[in-house]
Structure formats: C-alpha cells, structure tokens
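This is what each chain is made of:
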Amino acid sequence: MPVAITTPGYRYYHKLNHRLSASFSSLVIAKKPMVTSASSSGTCATNAGAYTTIKETVTFEKEIKKSKFIAIAGPISNEQSAQSFLNQVKDPRATHNCWAYKVGDQFRSNDDGEPSGTAGKPIHSAIVSSGLDRVMVVVIRYFGGIKLGTGGLVRAYGGVASECLRNAPTCLVKSKVPMGVEVPFDLLGVLYHQLQSFQAEDIKQDYDTGKDGITMVSFKVDFDRLEKLEEALKANCSRELVFYKH
C-alpha cells in the first residue's frame, strides 16, 4: 500500500513546529541602532536553498595616499558570530575599524568615525557584488596624513573589500530543511536506513505522540534531497506515515 502524506492535527503540528523552529533561531538578526541596518520584508532566500560563502579568514592590504588599509573577511552565521569576529580582528590602535556583514537579507554596517556612507556602505556593496553570503568584512585604516575626500574614501573602502573577497576561497553550502515523521515502531529500521542514505542530520526521536505504537522522528536534510527522501520512504514503507514540514 503506498504511503500517504496526510495533514496532522493541530496538537502534534504545534508540538513539532515549536521544536523545529529553534533550528532557525541562529538566522534571526536583532536590529540595533547603527550607521546602517536593514532587512528585507520577505523570507531570507538562504533558508530555502544554497548559498556561497568563504571557507576561511582572508586578508588584503593596500596603501592609498600614505594611509594603510587592511581588509579582513571571514565567514559568519549570525549577529553574535559577527560581533565575535569583529572583536577578534579589530585594532584599537587604528584610526578606524569600519565593517559590514550580510546574512541572507539581513545586513549591518558601521563607518566608525568616517564621514557617513563612505566606509560601511561601500564595504557592504562589495559583499553584495561578490554574490557571497554570511560574510563579514572589516577594513582597518591607519591614517597617513592625507585626506582622501568623500569619493576617495568610498573607492578605498569598497576597493580593498572587493579585492579581499575576490581572493577568498569559497564553498557552496546547502541549507538544511527541518522535517519530522510519525512512524510505527516496526518501521523505524526502514526509516533510519533511509535517513542515513540521504545523510540526514540532527535526528531525534520522541515517543510522546499520544498514539500507541507510534514515535515521532525529527531531522534535517539538504533542501534538494527532501523530495527524493519522501519518494524513497513511500517506496519502502507499506503503511501510512504522517509528515511534518516546517
């Protein structure tokens, strides 16, 4: 008998949805008063697919009219990791520590004493132009005695940020989709075999479903493997399963 995907009752959906929602909490960026802070009103695209980021911290240094500019870029996952990265690489002795980061549709930037819009914004523009996501770039400036002017600052900060990202090794990261399934005890072996075959992660089991002989298994799987996993379960199970999707 083919496996049917049915709509669960509110009690069970609410219970699993609450548990699975926690997996996305790291992507939420709290708004704070900064030079620049914005977010899109839509859903973050990286939650539903794949994104490209940098593999490791990279540095690019350039002297412009006797001022030394050092761009440092690194991968981040949320606002907390961005703050941690900034604390690690900034130099309190420098004239300015300007920065920007992007996590999906969320971004923030800071001019750190430079004229408004001449540092943080061009750094952010460099990140956007690179096509990379979940990245932070900090540009440290040691003033050399010659003022660059508004246009010169925009070109300097945006330029070193772009060059730093251009030289960075990148990698493709696939987003994980949280999912759960109610399954009879005697089909657990089949389910776990398929989860292993499709490289599911964060597998958890909950016997408190309110149904005799039924357990709830939650997990995460690559977004592009979800449909094939469901098809495999339909082909290998002989009874109706109840799927929960976040």
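To be clear, the structure that these remarks concern was listed above.
Applying the stated rule across the entire model yields three aromatic pairs. Arranged with centres 5.2 Å apart and planes meeting at 90 degrees, the rings of Phe69 and Tyr157 form a pair that is edge-to-face. Highlighted residues: Phe69 in strand 4 (residues 67-75) and Tyr157 in helix 4 (residues 149-166), separated in sequence by 88 residues. Pairing Trp99 with Tyr101 gives two aromatic rings, centres 6.1 Å apart and planes at 5 degrees, and the pair type is stacked. Like Trp99, the residue Tyr101 is buried in the burial classification.

Right, let's talk about helix 3 (residues 120-130) for a bit. Within an α-helix, residues lying three or four positions from one another point in the same direction, as the helix has 3.6 residues per turn. All buried positions along helix 3 are accounted for by Gly120, Pro122, Ile123, His124, Ala126 and Ile127. Against strand 5 (96-103), strand 6 (106-110), strand 7 (135-142) and helix 4 lie the buried residues of helix 3. Positioned one or two residues after helix 3, Gly131 has a phi angle of 80 degrees, which is positive.

Mapped onto the fold, Asn236 is located in helix 6 (residues 226-236). Asn236 sits in the partly exposed class, given a relative accessible area of 44%. For the pair Asn236 and Gln194, spaced 42 residues apart in the sequence, the C-alpha separation amounts to 8.9 Å. In this view, Asn236 contacts Val190 and Gln194; residues no more than four positions away in its chain are not counted.

Looking now at the pairing of strand 4. When you tally the buried positions in strand 4, you get seven out of nine residues, the bulk of the element. Pairing between strand 3 (residues 58-64) and strand 4: seven bridges, direction antiparallel. In the sheet register, Val58 faces strand 4, and the bridge partner there is Ala73. The hairpin formed by strand 3 and strand 4 contains two residues between the paired strands, and Lys65 there has a positive phi angle of roughly 50 degrees. Direction of pairing for strand 4 relative to strand 7: antiparallel, over a ladder of eight bridges. What sits directly across from Ile70, in strand 7, is Ile140.

About the thresholds
Residues numbered from 1 in each chain as written. Predicted model: local features only at pLDDT ≥ 70, side-chain atom pairs only at ≥ 80, totals over all residues. Heavy atoms only, no water. Phe/Tyr/Trp six-rings, centres within 6.5 Å; stacked < 30°, edge-to-face > 60°. Helix = DSSP H or I, 4+ residues; strand = E, 2+ residues; numbered from the N terminus. Buried < 20%, exposed > 50% of the residue type's maximum accessible area, 1.4 Å probe, protein only. Contact = heavy atoms within 4.5 Å. Pairing = 2+ DSSP bridges.

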